[in-house]
Amino acid sequence: MTESLGASSSLRQGARLPTLVRDLGEWTATIALGIAAGFLCKKFLFSLIRVKGRSMCPTLNDKEVLFVSILDVRLFGVARGDVVICRYPNRKELFVKRVVGVPGDVVERKNNVTYVQYEPLDEDRSRRYCVGSNDYAPYVLGRDEYFVVGDNRLNSHDSRHWRNKTPAREVGPISRAMLVGRVRFVLWPLRRRRKID
(Lines give C-alpha, C1' and ligand atoms only; values in the text may rest on other atoms or scores of the structure.)
Protein backbone atom coordinates (compact mmCIF):
# COMPACT_ATOMS: atom_id res chain seq x y z
CA MET A 1 0.00 0.00 0.00
CA THR A 2 2.78 2.40 0.94
CA GLU A 3 4.74 1.60 -2.22
CA SER A 4 1.79 2.32 -4.50
CA LEU A 5 1.18 5.70 -2.79
CA GLY A 6 4.83 6.66 -3.22
CA ALA A 7 4.78 5.68 -6.89
CA SER A 8 1.59 7.65 -7.42
CA SER A 9 3.10 10.71 -5.69
CA SER A 10 6.26 10.62 -7.82
CA LEU A 11 4.13 10.29 -10.98
CA ARG A 12 2.20 13.39 -10.01
CA GLN A 13 5.44 15.35 -9.40
CA GLY A 14 6.83 14.10 -12.70
CA ALA A 15 3.65 15.24 -14.48
CA ARG A 16 3.93 18.73 -12.91
CA LEU A 17 7.45 19.32 -14.22
CA PRO A 18 6.54 19.34 -17.95
CA THR A 19 3.52 21.55 -17.14
CA LEU A 20 5.77 24.02 -15.29
CA VAL A 21 8.27 24.06 -18.17
CA ARG A 22 5.43 24.59 -20.67
CA ASP A 23 3.96 27.42 -18.57
CA LEU A 24 7.36 29.11 -18.26
CA GLY A 25 7.82 28.81 -22.03
CA GLU A 26 4.41 30.38 -22.68
CA TRP A 27 5.10 33.24 -20.24
CA THR A 28 8.51 33.87 -21.82
CA ALA A 29 7.00 33.89 -25.31
CA THR A 30 4.22 36.27 -24.20
CA ILE A 31 6.69 38.69 -22.58
CA ALA A 32 9.00 38.57 -25.61
CA LEU A 33 6.05 39.21 -27.93
CA GLY A 34 4.94 42.15 -25.79
CA ILE A 35 8.43 43.68 -25.83
CA ALA A 36 8.68 43.22 -29.60
CA ALA A 37 5.23 44.77 -30.14
CA GLY A 38 6.18 47.73 -27.92
CA PHE A 39 9.41 48.24 -29.83
CA LEU A 40 7.63 48.10 -33.21
CA CYS A 41 4.95 50.54 -32.02
CA LYS A 42 7.58 52.98 -30.76
CA LYS A 43 9.63 52.66 -33.95
CA PHE A 44 6.84 52.82 -36.53
CA LEU A 45 3.50 53.90 -35.00
CA PHE A 46 3.57 56.15 -31.93
CA SER A 47 5.50 57.08 -28.84
CA LEU A 48 4.95 58.86 -25.54
CA ILE A 49 7.43 61.67 -24.88
CA ARG A 50 7.85 63.91 -21.85
CA VAL A 51 8.58 67.61 -22.41
CA LYS A 52 11.79 68.83 -20.85
CA GLY A 53 12.18 72.59 -20.57
CA ARG A 54 10.19 75.65 -21.55
CA SER A 55 11.19 76.27 -25.15
CA MET A 56 7.67 75.48 -26.40
CA CYS A 57 5.70 77.57 -23.86
CA PRO A 58 2.85 78.46 -23.96
CA THR A 59 1.91 75.65 -26.39
CA LEU A 60 3.60 72.93 -24.32
CA ASN A 61 4.78 73.04 -20.73
CA ASP A 62 7.65 71.41 -18.89
CA LYS A 63 6.94 67.77 -17.83
CA GLU A 64 3.80 67.35 -19.93
CA VAL A 65 3.49 63.91 -21.58
CA LEU A 66 2.82 63.93 -25.32
CA PHE A 67 1.30 61.41 -27.70
CA VAL A 68 3.55 61.50 -30.78
CA SER A 69 2.50 59.95 -34.10
CA ILE A 70 5.52 58.48 -35.86
CA LEU A 71 3.37 57.05 -38.66
CA ASP A 72 2.19 60.56 -39.67
CA VAL A 73 5.72 61.68 -40.49
CA ARG A 74 6.59 58.43 -42.28
CA LEU A 75 3.47 58.46 -44.46
CA PHE A 76 2.65 62.13 -44.95
CA GLY A 77 5.71 64.14 -43.92
CA VAL A 78 5.24 67.43 -42.10
CA ALA A 79 3.85 70.83 -43.01
CA ARG A 80 4.64 74.35 -41.92
CA GLY A 81 3.10 74.87 -38.49
CA ASP A 82 3.32 71.26 -37.29
CA VAL A 83 4.74 70.60 -33.81
CA VAL A 84 7.31 67.82 -34.10
CA ILE A 85 9.79 65.73 -32.17
CA CYS A 86 13.18 65.95 -33.86
CA ARG A 87 16.91 65.42 -33.52
CA TYR A 88 19.64 67.97 -34.14
CA PRO A 89 22.83 67.35 -36.10
CA ASN A 90 25.47 65.46 -34.10
CA ARG A 91 23.19 65.00 -31.08
CA LYS A 92 21.28 62.02 -29.71
CA GLU A 93 18.66 63.71 -27.54
CA LEU A 94 15.18 64.58 -28.78
CA PHE A 95 13.74 68.09 -29.06
CA VAL A 96 10.19 69.36 -29.48
CA LYS A 97 9.84 72.27 -31.94
CA ARG A 98 7.51 73.84 -34.48
CA VAL A 99 8.20 73.59 -38.23
CA VAL A 100 8.29 77.13 -39.67
CA GLY A 101 10.19 76.44 -42.89
CA VAL A 102 9.75 73.59 -45.36
CA PRO A 103 11.68 72.62 -48.50
CA GLY A 104 11.84 75.56 -50.93
CA ASP A 105 11.24 78.25 -48.27
CA VAL A 106 13.69 81.12 -47.88
CA VAL A 107 15.18 81.75 -44.43
CA GLU A 108 17.34 84.69 -43.45
CA ARG A 109 18.65 86.38 -40.33
CA LYS A 110 19.53 90.04 -40.26
CA ASN A 111 20.04 92.26 -37.24
CA ASN A 112 19.24 89.11 -35.25
CA VAL A 113 15.70 88.86 -36.59
CA THR A 114 14.79 85.63 -38.40
CA TYR A 115 12.79 85.88 -41.60
CA VAL A 116 10.95 82.98 -43.23
CA GLN A 117 9.54 83.69 -46.68
CA TYR A 118 10.69 87.31 -46.12
CA GLU A 119 8.38 87.69 -43.11
CA PRO A 120 9.88 88.13 -39.61
CA LEU A 121 9.04 85.57 -36.95
CA ASP A 122 6.78 87.56 -34.61
CA GLU A 123 8.68 87.07 -31.39
CA ASP A 124 12.03 87.83 -33.04
CA ARG A 125 10.70 91.19 -34.17
CA SER A 126 10.11 92.30 -30.57
CA ARG A 127 13.65 91.84 -29.30
CA ARG A 128 17.13 92.46 -30.67
CA TYR A 129 20.18 90.57 -29.47
CA CYS A 130 23.77 91.62 -30.12
CA VAL A 131 23.60 92.93 -33.66
CA GLY A 132 25.46 90.76 -36.13
CA SER A 133 26.20 87.89 -33.74
CA ASN A 134 24.64 85.17 -35.90
CA ASP A 135 23.11 86.77 -38.98
CA TYR A 136 23.09 84.91 -42.28
CA ALA A 137 22.13 85.75 -45.85
CA PRO A 138 18.94 84.44 -47.47
CA TYR A 139 19.09 80.66 -47.81
CA VAL A 140 16.69 78.50 -49.82
CA LEU A 141 15.88 75.30 -47.93
CA GLY A 142 16.77 72.24 -49.97
CA ARG A 143 14.30 69.52 -50.85
CA ASP A 144 15.24 67.64 -47.66
CA GLU A 145 15.58 70.58 -45.26
CA TYR A 146 13.25 71.88 -42.56
CA PHE A 147 13.58 74.90 -40.30
CA VAL A 148 12.33 74.33 -36.74
CA VAL A 149 11.99 76.75 -33.82
CA GLY A 150 10.54 76.80 -30.32
CA ASP A 151 7.33 78.73 -29.70
CA ASN A 152 9.09 80.48 -26.83
CA ARG A 153 11.37 82.20 -29.34
CA LEU A 154 13.34 84.10 -26.71
CA ASN A 155 14.22 80.91 -24.83
CA SER A 156 14.80 78.26 -27.50
CA HIS A 157 17.88 76.75 -29.09
CA ASP A 158 16.83 75.78 -32.61
CA SER A 159 17.40 76.17 -36.36
CA ARG A 160 17.96 79.92 -35.98
CA HIS A 161 21.32 79.11 -34.36
CA TRP A 162 23.38 78.57 -37.43
CA ARG A 163 26.64 79.70 -38.97
CA ASN A 164 27.76 81.40 -35.79
CA LYS A 165 31.07 81.38 -33.93
CA THR A 166 30.18 78.46 -31.65
CA PRO A 167 30.03 75.29 -33.80
CA ALA A 168 28.88 73.14 -30.85
CA ARG A 169 25.69 75.22 -30.66
CA GLU A 170 24.93 75.16 -34.37
CA VAL A 171 21.65 73.64 -35.50
CA GLY A 172 20.46 75.18 -38.75
CA PRO A 173 18.08 73.32 -41.05
CA ILE A 174 17.41 69.66 -40.23
CA SER A 175 16.72 66.79 -42.61
CA ARG A 176 13.56 64.72 -42.86
CA ALA A 177 15.46 61.79 -41.32
CA MET A 178 15.83 63.91 -38.15
CA LEU A 179 12.04 64.31 -37.84
CA VAL A 180 10.89 61.60 -35.43
CA GLY A 181 7.16 62.23 -35.14
CA ARG A 182 4.32 64.73 -35.01
CA VAL A 183 2.87 65.80 -31.66
CA ARG A 184 -0.87 65.07 -31.61
CA PHE A 185 -2.04 65.29 -28.00
CA VAL A 186 -1.01 66.23 -24.49
CA LEU A 187 -2.00 63.24 -22.35
CA TRP A 188 -0.67 64.28 -18.95
CA PRO A 189 -1.49 65.93 -16.63
CA LEU A 190 -5.10 64.88 -17.09
CA ARG A 191 -6.50 68.31 -16.29
CA ARG A 192 -4.54 69.75 -19.24
CA ARG A 193 -5.32 67.07 -21.83
CA ARG A 194 -5.70 68.64 -25.27
CA LYS A 195 -5.16 68.23 -28.97
CA ILE A 196 -2.14 69.94 -30.54
CA ASP A 197 -2.69 71.47 -33.98
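These numbers were taken from a predicted model, which means no experiment stands behind them.

> Pulling in residues and values, what's your account of a nonpolar patch on the surface?
Together, Leu 48, Phe 185, Leu 187, Trp 188 and Leu 190 give the surface a local cluster of nonpolar side chains, amounting to about 480 Å² of exposed area. Residue class for Trp 188 comes out partly exposed when judged on its relative accessible area of 47%.

> Quick one: what's the story with unusual backbone geometry, residue by residue and with numbers?
With an omega of 5 degrees, the peptide bond between Cys 57 and Pro 58 qualifies as cis. Put simply, Trp 188 and Pro 189 share a cis peptide bond, and its omega is 5 degrees. Position of Pro 189 among the secondary structure elements: in the loop between β10 (179-188) and β11 (194-195). Of note, the phi angle at Lys 63 is positive, near 75 degrees, even though the residue is not glycine. Its location among the elements puts Lys 63 in the loop between β1 (46-50) and β2 (65-69). One non-glycine residue, Tyr 118, adopts positive backbone phi at about 70 degrees.

> Can you explain the UniProt feature "active site" (unreviewed entry) in the protein? Please cite residues and give values.
As annotated in UniProt, the feature "active site" (unreviewed entry) corresponds to Ser 55 and Lys 97 in the numbering used here. For the residues just named, distributed over 43 residues, the greatest C-alpha separation is only 8.0 Å, placing them together at one site. Assignment of secondary structure puts Ser 55 in the loop between β1 and β2. With relative accessibility at 14%, the residue Ser 55 sits in the buried group. Other than its neighbours up to four places away in sequence, Ser 55 contacts Val 96, Lys 97, Gly 150, Asp 151, Asn 152, Asn 155 and Ser 156. Reaching out from Ser 55, the side chain makes a polar contact with the side chain of Lys 97 at a distance of 2.9 Å. Tracing the backbone through its elements, the reader meets Lys 97 in strand β4 (residues 95-101).

Definitions and limits used
- Residues numbered from 1 in each chain as written.
- Predicted model: local features only at pLDDT ≥ 70, side-chain atom pairs only at ≥ 80, totals over all residues.
- Heavy atoms only, no water.
- Patch = residues over 30% accessible without salt bridge, like charges linked within 9 Å, V, L, I, M, F, W, Y side chains within 5 Å.
- Areas by Shrake-Rupley, 256 points an atom, 1.4 Å probe, with all protein chains shown as cover.
- Salt bridge = Lys/Arg side-chain N within 4 Å of Asp/Glu carboxyl O.
- Buried < 20%, exposed > 50% of the residue type's maximum accessible area, 1.4 Å probe, protein only.
- Helix = DSSP H or I, 4+ residues; strand = E, 2+ residues; numbered from the N terminus.
- UniProt positions renumbered as here; feature names shortened; annotations may be inferred.
- Contact = heavy atoms within 4.5 Å.
- Polar contact = N/O pair within 3.5 Å; in protein donor to acceptor, adjacent residues only side chain to side chain.

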